[in-house]
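# Results of the structural survey
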Amino acid sequence: MAKRQIDIVAKEMGLDDNIKKYLQRVERCLIVSIPILMDNGKLEMFEGYRVHHSTIRGPGKGGIRYAPNVTLDEVKALATWMTLKCSLLNLPLGGAKGGVCVDPTRLSRTELEKITRRFTSEILNIIGPDIDIPAPDVNTNPQIMAWIMDTYSMNKGRSIPGVVTGKPIEIGGSVGRESATGMGLYYVLDALCSRENLDLKSQKVVVQGFGNVGGTIAKILFEKGVKIIAISDISGGLYNKDGLDIKSLLEWRDNKHLLKDYDNDNYVYINNDEVLEIKCDILIPAALENQIHKANADNIECKIILEGANGPTTPEADEILQNKGIIVVPDILANAGGVCVSYFEYIQDIHSYFWKLDRINQELKNIMVNTFEEVYNLAIEKNLTLRIAAYIISISRLEKAIELRGIFP
Ligand code: GLU
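Now for a look at the structure at hand. Just so it is clear, the structure is predicted and the values come from calculations on it, not from any experiment.

## Describing the site of the ligand
Residues in contact with the ligand amount to 14 residues; listed here are only the nearest, K61, K85, P136, D137 and S342. In this structure, K97 approaches the ligand through a side-chain N or O atom, which is 3.1 Å from an oxygen atom. Within the contact set of the ligand, a nitrogen atom lies 2.9 Å away from a backbone nitrogen or oxygen of P136. If the ligand stood free it would expose 290 Å²; the protein chains cover 94% of that surface. For the shell around the ligand, the secondary-structure elements that each account for two or more residues are β3 (60-67), α3 (72-88), β5 (132-136) and α12 (337-351). Considering only residue class, the shell around the ligand consists of four nonpolar, five polar and five charged.

So this is what it looks like as structure tokens:
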């Protein structure tokens, strides 16, 4: 998918074939085995990956996900999108991603810590503040980042907080990092509504996903008085045409309950396919990739799709949505708030000087809104989709960097 997207944009912008070839490959991938002595005394082997797609514009940057079905190809695509995302925001960072094939809900806390520390040890030589800086992604969190930071630091003999972002605040994390992806989504959505003359408050919103990204954007919009008419987690979703009480659903989630078990007679239970097809104004896919594809794109009824997840829309679906007149705000723009505040965390760690929340959110807003305006203006000027416009801006910057540095040797 990532390669096809680059193909499409390359054609549109007349990209040099050499640059296209360069960007369609990852720089390096490391596949590691992770042996874990489980609590029951049995040894289990897990597989993990860390991929650097590009370090042309700076150290690799990107999250680590824990999921039973992670594949190397998936991690390569996700690393590619990180390069494009960081370049679009003009952050001095490249793109990377990691994954461990494991269902973390099956692990005890001790097993989770062991797997994290062993994976970190295995990738130790290709991470570091000026090599590649991991962060949270699907099913990973600040505690896991703390173990990564500690394992790396113990091996180096000193504390190195800048090796990873998304850490707890007490050990060099940044205020505003946990909510950053959701805040970024909100800033972009607000700016888009202004340009499209839409009153955000009167839009009906559907959110797929109730993790860090889906939960935060739902909370922000709910607090602003926007109606969230449906939301889903892995167990399915809840729908109410008059809006859901997101505050109480978040409490339910934080107490480790699934949405399907939530008891409210006014809410209708829907399955995960149905969530995407509910008629609404704004659809926010904030779960996994490949959710909107050629088989369901035609059934989607909304004005705007705001991509909270990475790669939720396939290129075939993109075409269908474009013909239906749906505005798709692409992942590399919409969900870039996370890596943006990761960058702030990284520079705070390096300088050992920490910012206040107001500054974080103000600088985040500036970058997100300015990038959105750049993308939107190019799309209008050249009659392009927002995805193509975003890719052109991002790839042009990468092209320039490759040209200036030259191809070694
Ligand atoms: N996992 C997030 C993303 O996909 C954040 C990555 C980071 O902060 O490095 O953008």
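Next comes the rest of the description.
## Overview of the packing of aromatic side chains
Scanning the entire structure with this criterion turns up six aromatic pairs. Centre to centre, the rings of Y186 and Y187 are 6.1 Å apart; their planes meet at 55°, and the pair counts as tilted. Measuring from ring centre to ring centre gives 6.2 Å for Y343 and F344, while their planes differ by 50°; the resulting arrangement is tilted. Y343 gets classed as buried once you look at its relative accessible area, which sits at 18%. The class for F344 is buried, based on a relative accessible area of 2%.

## A look at the packing of helix α6 (residues 180-195) against helix α13 (residues 357-382)
If you want to describe how two helices pack, look at the angle between their axes and the distance between the axes. Relative to each other, α6 and α13 sit at 45°, their axes nearing to 9 Å. Viewed along their axes, α6 and α13 adopt a mutual orientation that is oblique. In this structure, α6 crosses over α13, and the sense of that crossing is right-handed. Touching A180, M183, G184, Y187, V188, A191, L192 and R195 of α6 are N361, L364, K365, M368, V369, F372, E373, Y376 and N377, all from α13.

## Some details on the sheet that holds strand β7 (residues 227-233)
Sheet strands pair via backbone hydrogen bonds, and the direction of the pair is either parallel or antiparallel. Strands sit in the order β9-β8-β7-β6-β10-β11-β12 across an open sheet of seven strands; the sheet is mixed. Every other strand in the sheet has two partners, leaving β9 (268-270) and β12 (327-329) as the edge strands with one partner each. Shown here is a sheet whose adjacent strand axes are inclined to one another by a mean of 20°, direction ignored. With five bridges joining them, strand β6 (residues 204-208) and β7 adopt parallel strand pairing. Note that in β7 the partner of V207 across the bridge is I231. Against the sheet, helix α7 (residues 212-223) engages β6, β7 and β10 (282-285), with an angle of about 165° to β7.

Here is what the cut-offs are and how they apply
- Residues numbered from 1 in each chain as written.
- Predicted model: local features only at pLDDT ≥ 70, side-chain atom pairs only at ≥ 80, totals over all residues.
- Heavy atoms only, no water.
- Near = heavy atom within 4 Å.
- Polar contact = N/O pair within 3.5 Å; in protein donor to acceptor, adjacent residues only side chain to side chain.
- Areas by Shrake-Rupley, 256 points an atom, 1.4 Å probe, with all protein chains shown as cover.
- Helix = DSSP H or I, 4+ residues; strand = E, 2+ residues; numbered from the N terminus.
- Nonpolar A, V, L, I, M, F, W, Y, C, P; charged D, E, K, R; others polar.
- Phe/Tyr/Trp six-rings, centres within 6.5 Å; stacked < 30°, edge-to-face > 60°.
- Buried < 20%, exposed > 50% of the residue type's maximum accessible area, 1.4 Å probe, protein only.
- Axes fitted to C-alpha atoms, helices over the stretch in contact; angles between N-to-C directions.
- Parallel < 35°, antiparallel > 145°, perpendicular 65-115°, else oblique.
- Left-handed = near helix turned anticlockwise from the far one by under 90°.
- Contact = heavy atoms within 4.5 Å.
- Pairing = 2+ DSSP bridges.

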